[in-house]
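Reading the structure
Listed below, chain by chain, are the residues.
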Amino acid sequence: MRILITGGAGFIGSHLAETLLDQGHDVAVLDDFSTGQFQNIRHLEPHRHFTWVLGSVRDERVVGPLVRRADVVFHLAAAVGVRLVVDAPIHTIDTNVGGSETVLRHAKASGALVVIASTSEVYGKGIQLPFREDADLVLGPPHKCRWGYAASKLIDEFLALAYWKEHRLPTIVVRFFNTVGPRQNSRYGMVLPNFVRQALANEPITIHGDGSQTRSFTWVGDVVGALTSLMAERQAFGQVFNVGNNHEVAIRDLAQMVKTIARSSSDLHFVPYSKVWDAHFEDMPRRVPDITKIRALVGFEPRVQLPDIIKRTLAYWRRADGEPAVAASRQVRSLGTPEYAATGAAL
Ligand code: UDP
């Protein structure tokens, strides 16, 4: 099949591209290299079924032709990371809502299956745990920027389901829960790469608040497996799925595990939220998925559990080539702005 991955030079997208190429598909990546990095897809360039395009998911002239020639679109391009979302709320809403709207409108003309990446953030401050796809969603007020991200992804979800309902355009919504693995960038505040890098440097491991907030971490390979299974399942059309690992861990316990497994001499350092974010910041106290639905439909089972996730993440960051990806992305940006599309191969 011909598959387009928007945001395909990002962390999850680049792993998905690899797997789809291995499965014999034809893969095109669209990325503006803002948070995605060219280094993530450089190794795929020689593949004759791979192509990449530098451009914005908001740019009709780029998105239109790419979507038209695809059988399946994985729409992963989005503003990601709490830091970016808090610092650039307009960009966040614009990219997330505008990007999905553009992709879906063009897919409507061609009939391509669109898999839309959403987020566990949409569960907000929900108190019924584990989170089920049909749960009520409890978001905070609009002066707290964080919730703008959840609201923007929620509009994406509504749009995707509306296209299925009104136009019978096949769409699938996936809600990701704290995905981790190689190529995840620690610059945008993601906790595990931060802890791992601090532990390896024997620097204080910075726990926000009292560390009682929980998360559930999913290995990127498990997420990619879920995506490729859902793509092949017609029963998934018009549906929302949690994609995550249902093992929940408190952030302070995560810090201790990282320290122990890394044999680090780091101290655990508790930082008040007010020192990290502005006074309006609100964290999610707990986050754990119910994965009954995706398990029942495609037999999804997370294979990599937390101790191995930590060991693998440590191994990745111990390697010398962890962070220099930044330099490669700067090289690509010099090819042109996101509005001016460049391409790695003929379309
Ligand atoms: N966190 C932390 N130390 C860090 C980075 C994050 O304690 O250096 C906390 C953060 O406040 C949140 C959790 O870890 O409670 C997960 O943060 P992340 O940004 O990875 O993702 P989120 O789940 O909040 O989107």
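An account of the accompanying structure is given in this report. Every chain begins its residue count from 1, and numbering advances along the sequence as written. Since the coordinates come from a predicted model, pLDDT governs what is reported: local features require at least 70, and pairs of side-chain atoms require 80 or more to be given and counted, while whole-chain, interface and lining totals use all residues. For the side-chain quantities, the full set of heavy atoms in the structure was used; hydrogens and water were omitted.

Let us now look at the site of the ligand. A cutoff of 4 Å decides nearness: a residue is near a molecule or strand if any of its heavy atoms lies inside that distance of it. If you check the shell around the ligand, you find 18 residues, and the closest are Val191, Thr206, Arg215, Asp283 and Arg287. For the purposes of these results, a polar contact is taken to be a pair of N or O atoms within 3.5 Å, where, inside protein, one atom must be able to donate a hydrogen and its partner to accept one; residues adjacent in sequence count only when each atom of the pair is a side-chain atom. Within the contact set of the ligand, a nitrogen atom lies 2.7 Å away from a backbone nitrogen or oxygen of Thr206. Separating an oxygen atom of the ligand from a backbone N or O atom of His208 is a distance of 2.8 Å. Here the ligand has 520 Å² of accessible area as a free molecule, and 93% of this is covered by the chains. Numbering goes from the N terminus for both helices and strands, where a helix is a DSSP run of H or I of at least four residues and a strand is a run of E of at least two. Mapped onto the shell around the ligand, the elements with two or more residues apiece are helix H6 (191–200) and strand E8 (205–208). Surface exposure here means Shrake-Rupley accessible area, sampled with a 1.4 Å probe, where a residue is shielded only by the protein chains that are shown.

Locating Lys153 in the fold gives a position in helix H5 (residues 146–167). Residues contacting Lys153, with those up to four places away along its chain left out, are Ala78, Asn96, Ala117, Ser118, Thr119 and Val122. Note on definitions: a residue-residue contact is assigned when non-hydrogen atoms from the two residues lie within 4.5 Å.

Stacked, tilted and edge-to-face are the three classes assigned to paired rings of Phe, Tyr and Trp, where Trp is represented by its six-membered ring and a pair needs centres within 6.5 Å; plane angles under 30 degrees give stacked, over 60 edge-to-face, the rest tilted. All chains considered together, the criterion is met by 9 aromatic pairs. With centroids separated by 6.1 Å and ring planes inclined at 70°, the aromatic side chains of Phe33 and Phe38 adopt a geometry described as edge-to-face. Only protein chains enter the area calculation, which uses a 1.4 Å probe; residues under 20% of their type maximum are buried, those over 50% are exposed, and those in between are partly exposed. Judged by relative accessible area, which is 0%, Phe33 ranks as buried. Overall, the relative accessible area of 8% leaves Phe38 in the buried class. Here the aromatic residues Phe33, Phe38 and Trp52 are joined through ring pairs into a cluster of three or more. The rule for a charge over a ring is simple: NZ of Lys or CZ of Arg within 6 Å of the ring centre, and within 35 degrees of the ring normal. In this structure, Arg168 is placed above the aromatic ring of Trp164, and the distance from its NZ or CZ to the ring centre is 4.2 Å. Looking at Arg312, its charged tip hangs above the ring of Trp219, at a distance of 5.1 Å from the centre.

In this section: the nonpolar core. Ile5, Ile41, Phe74, Ile172, Phe176 and Leu227 are the most contacted members of the largest nonpolar core, which has 41 residues in total. For this core, the leading source of residues is helix H7 (residues 220–231), giving 7 residues. In contact with Phe176, not counting residues within four places along its chain, are Ile12, Leu76, Ala117, Ser118, Thr119, Ser120, Val223, Leu227 and Val243. Core analysis: the next-biggest nonpolar cluster, separate from the first, contains 24 residues, Leu4, Val63, Ala112 and Val240 among them. Note on terminology: a nonpolar core comprises buried Ala, Val, Leu, Ile, Met, Phe, Trp, Tyr and Cys residues joined through side-chain atoms within 4.5 Å.

For the bond from Leu129 to Pro130, the omega torsion is -5°, close enough to zero to count as cis. Positioned with a positive phi, Asn178 is a non-glycine residue whose angle comes to about 25°. Mapped onto the fold, Asn178 is located in the loop between strand E6 (171–176) and strand E7 (179–180). The phi dihedral of Arg183 is positive, around 80°, even though this residue is not glycine. Tracing the chain through its elements places Arg183 in the loop between E7 and H6.

Turning our attention to the pattern of salt bridges. The salt bridge criterion pairs a side-chain nitrogen of Lys or Arg with a carboxyl oxygen of Asp or Glu, the two atoms within 4 Å. Within this structure, the stated rule accounts for 18 salt bridges. Here Arg183 ties to Glu18 by a salt bridge, and the two come within 2.5 Å at their closest N and O atoms. With Arg183 in the loop between E7 and H6 and Glu18 in helix H1 (residues 11–22), this pair connects stretches of sequence that are 165 residues apart. Among the charged side chains, a network of salt bridges with common partners joins Glu121, Arg146, Arg215, Asp283 and Arg287.

Let us look at the packing of helix H2 (residues 60–68) against helix H4 (residues 89–110). Inter-axis angles, ranging from 0 to 180 degrees, are taken between N-to-C directions of lines fitted to C-alpha atoms, where helices are fitted over the stretch in contact. The geometry of H2 relative to H4 is characterised by a closest axis approach of 9 Å and an angle of 40° between their N-to-C directions. Put simply, H2 runs oblique to H4. The two elements H2 and H4 meet at a crossing, and its hand is right-handed. On H4, the residues touching Glu60, Val63, Gly64, Val67 and Arg68 of H2 are Thr102, Val103, Arg105, His106, Ala107 and Ser110. Classification used: nonpolar for Ala, Val, Leu, Ile, Met, Phe, Trp, Tyr, Cys and Pro, charged for Asp, Glu, Lys and Arg, polar for all others including Gly. Across the contact of H2 with H4, the residue classes break down as 4 nonpolar, 4 polar and 3 charged. If an angle is under 35 degrees, it is roughly parallel; if it is over 145, roughly antiparallel; if it lies from 65 to 115, roughly perpendicular; otherwise it is oblique. In a left-handed crossing the near helix is turned counterclockwise from the far helix by less than a right angle, and in a right-handed crossing that turn is clockwise.

Glancing now at the packing of helix H8 (residues 251–262) against helix H11 (residues 306–318). One way to put it is that H8 packs onto H11 with a least axis distance of 10 Å and a crossing angle of 60°. Taken together, the axis directions place H8 and H11 in an arrangement best described as oblique. The element H8 and its partner H11 pack so that their crossing is right-handed. For the pair H8 and H11, contact is made by Leu254, Met257, Val258, Ile261 and Ala262 and by Leu306, Pro307, Ile310, Lys311, Leu314 and Arg318, respectively. Of the residues belonging to the contact of H8 with H11, the class tally is 9 nonpolar, no polar and 2 charged.

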